[in-house]
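Structural overview
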Amino acid sequence: MFCISTLNKDNLFMPDIRQQVAGGQIHMDKETTDWLFSEVAVREAPAPRVSPHRHTDGGGSSDSAGQSLLAVSVEDIELEQNTLNDWGADMLEFAEQVDASNVLQRVMRHVLAHWNLLDFGTNMEVFFSKCASLYKDNPYHSVKHAADVVQTLHCFAQMGLDKWLDSVDLFALFLAGACHDLEHPGVNNMFLIATEAPLALLYNERSVLENFHASTAVKLMGEHNILQCLKENEKKWVKKIICETILGTDMAYHLDWLSKFRMKASTLNKADPGDRVDRVHVLSPLTPCLWQLLLMTIA
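In a packed pair of helices, the relevant descriptors are the angle between the two axes and the axis-to-axis distance. The contact between helix 7 (residues 103-114) and helix 9 (residues 143-158) brings their axes to 8 Å, and the two run at 15°. Between helix 7 and helix 9, the angle falls in the class roughly parallel. Judged by the sense of rotation from one axis to the other, the crossing of helix 7 with helix 9 is left-handed. Contacts from Val-103, Leu-104, Val-107, Met-108, His-110, Val-111 and His-114 in helix 7 reach Val-143, Lys-144, Ala-146, Ala-147, Val-150, Gln-151, His-154 and Gln-158 in helix 9.

Spelled out as structure tokens, the structure:
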């Protein structure tokens, strides 16, 4: 079985660059080595599952964002590959290894590269740096927590969730994970309502923080125009899913969403994930519910 799986690999005749560099068979300067390992990481990523509505002509280019996010060292790539694809990864330890101020950028770089989504957004390095800066130094709702959520969603996707989601869906999912607690004040909704805080009044005492996080995320996305490579219907879909998913992290509605999920899950056996019509008619109402449950579970 091992022999068959090995022979079926697309990179069967690709030399093991890492082993040759480590063994001293190849001698290169650090700059060249870093570039080479970045290229290998991209080529080893799974084939893209591009949405049928993917916008590829006009609307801006994301090349500079992708190259910037991929400009990492050999050690960085190896650390990410050994850590971030593992369900049991210790994200607090990972944050200490890479510097907590950069942990969200590092996780997003790896996850988007893994799923071939780097060209779905523009200005992403600046955008995720700004996201990281908006997380306060809270004991729990911090930038480390945001990175942890994204990494967990990445693991869920690897477990088969990607079978039902196209590339635009995955892109929206990971953005929601990165943004779901932006500017969290470190107190909960009950505290804000009890103290009649301005945010509670602004959002009529209903999912106060979740509305705030979703609103902040959409505004930030607009300021950096990160969705300009997508078609208009895709932009609306991404924003809709991000908002609904973040709103779904309000634990006050957990049982309601669980009940809805159980009802919707019964339609899965009628759907063909490869059929766009089936996916739209059957999975569209299911997907937001599923994402909200995932985020509520780990957030």
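Moving on from the model shown.
One non-glycine residue, Glu-196, lies in the positive phi region at around 50°. Secondary-structure assignment places Glu-196 in the loop between helix 11 (189-194) and helix 12 (198-202). A positive phi angle is found at Glu-205, which is not glycine, with a value near 60°. Its place among the elements puts Glu-205 in the loop between helix 12 and helix 13 (208-224).

Its location among the elements puts Thr-216 in helix 13. Among the residues examined, Thr-216 registers a relative accessible area of 11% and is labelled buried.

Let's shift gears to the pattern of salt bridges. A full pass over the atoms with the stated rule returns 4 salt bridges. The residue Arg-106 makes a salt bridge to Glu-80 at a minimum N-O spacing of 2.6 Å. Linking Arg-106 in helix 7 with Glu-80 in helix 5 (residues 74-83), this pair joins segments that are 26 residues apart in sequence. Accessibility classification places Arg-106 together with Glu-80 in one group, the buried group. Among the salt bridges present, the one from Lys-240 reaches Glu-244, with a minimum N-O distance of 2.6 Å. With Lys-240 and Glu-244 both in helix 14 (residues 232-247), this residue pair falls 4 residues apart, about one helical turn. On the accessibility criterion, Glu-244 (26% relative accessible area) is partly exposed. Among the charged side chains, a salt-bridge network with shared partners connects Glu-80, Arg-106 and Arg-109.

Moving on, we get to the confidence of the model for the chain. Summary statistics for the chain give a mean pLDDT of 77 and a share of 64% for residues scoring 70 or more. Throughout residues 1-15 the model reports pLDDT below 50, and contacts reaching past four residues in sequence, or to other chains, amount to 3 contacts. Low pLDDT (under 50) marks residues 41-68, which in the prediction has 56 contacts with non-local residues, meaning those over four places away or in another chain.

Turning to the nonpolar core, a few remarks are in order. With 56 residues, the main nonpolar core has Leu-104, Val-107, Leu-112, Phe-127, Phe-174, Leu-175 and Val-238 as its most contacted residues. At the level of elements, helix 6 (91-98), helix 7, helix 8 (124-134), helix 9, helix 10 (167-179), helix 13 and helix 14 are the ones that each hand at least two residues to this core. Top element by residues in this core is helix 10. It accounts for 10 residues. Leu-112 has contacts with Leu-117, Leu-118, Met-124, Phe-128, Phe-171 and Phe-174, leaving out every residue within four places of it along the chain. Membership of the second largest hydrophobic core comes to 7 residues, among which are Leu-192, Ala-200, Val-208 and Phe-212.

This part is about the packing of aromatic side chains. All chains considered together, the criterion is met by 3 aromatic pairs. Centre to centre, the rings of Phe-120 and Phe-171 are 5.9 Å apart; their planes meet at 55°, and the pair counts as tilted. Of the two residues, Phe-120 sits in the loop between helix 7 and helix 8 while Phe-171 sits in helix 10, which places them 51 residues apart along the sequence. Residue classification places Phe-120 among the buried positions, given a relative accessible area of 1%. Looking at Phe-171, the relative accessible area reads 1%, which means it is buried.

Among the secondary structure elements, His-145 is positioned in helix 9. With a relative accessible area of 4%, His-145 lands in the buried category.

Before going further, it helps to examine helix 7. Since the α-helix advances by 3.6 residues per turn, residues separated by three or four positions end up pointing in the same direction. With 12 residues, helix 7 should cover 16 Å at 1.5 Å per step; its first-to-last C-alpha distance of 16 Å lies within 8% of that length. Counting buried positions along helix 7 gives 12 out of 12 residues, so the element sits mostly inside the fold. Along helix 7, the residues that are buried comprise Val-103, Leu-104, Gln-105, Arg-106, Val-107, Met-108, Arg-109, His-110, Val-111, Leu-112, Ala-113 and His-114. Asn-116 occupies a position one or two residues after helix 7 and carries a positive phi of about 55°.

Our next topic: helix 14. Helix length check: helix 14, at 16 residues, gives a terminal C-alpha distance of 23 Å against a target of 22 Å (1.5 Å per residue), a fit within 8%. When helix 14 is considered as a whole, its buried residues turn out to be Glu-234, Lys-235, Val-238, Ile-241, Ile-242, Thr-245 and Ile-246. Considered in projection along helix 14, the buried side chains sweep an arc of 135° and stay on one side of the axis. In helix 14, the exposed residues that point more than 90 degrees away from the buried face are Glu-232 and Lys-236.

Criteria and cut-off values
- Residues numbered from 1 in each chain as written.
- Predicted model: local features only at pLDDT ≥ 70, side-chain atom pairs only at ≥ 80, totals over all residues.
- Heavy atoms only, no water.
- Axes fitted to C-alpha atoms, helices over the stretch in contact; angles between N-to-C directions.
- Helix = DSSP H or I, 4+ residues; strand = E, 2+ residues; numbered from the N terminus.
- Parallel < 35°, antiparallel > 145°, perpendicular 65-115°, else oblique.
- Left-handed = near helix turned anticlockwise from the far one by under 90°.
- Contact = heavy atoms within 4.5 Å.
- Buried < 20%, exposed > 50% of the residue type's maximum accessible area, 1.4 Å probe, protein only.
- Salt bridge = Lys/Arg side-chain N within 4 Å of Asp/Glu carboxyl O.
- pLDDT = per-residue confidence, 0-100.
- Core = buried A, V, L, I, M, F, W, Y, C linked by side-chain atoms within 4.5 Å.
- Phe/Tyr/Trp six-rings, centres within 6.5 Å; stacked < 30°, edge-to-face > 60°.
- Expected span 1.5 Å × (residues − 1).
- Arc of directions from axis to C-beta.

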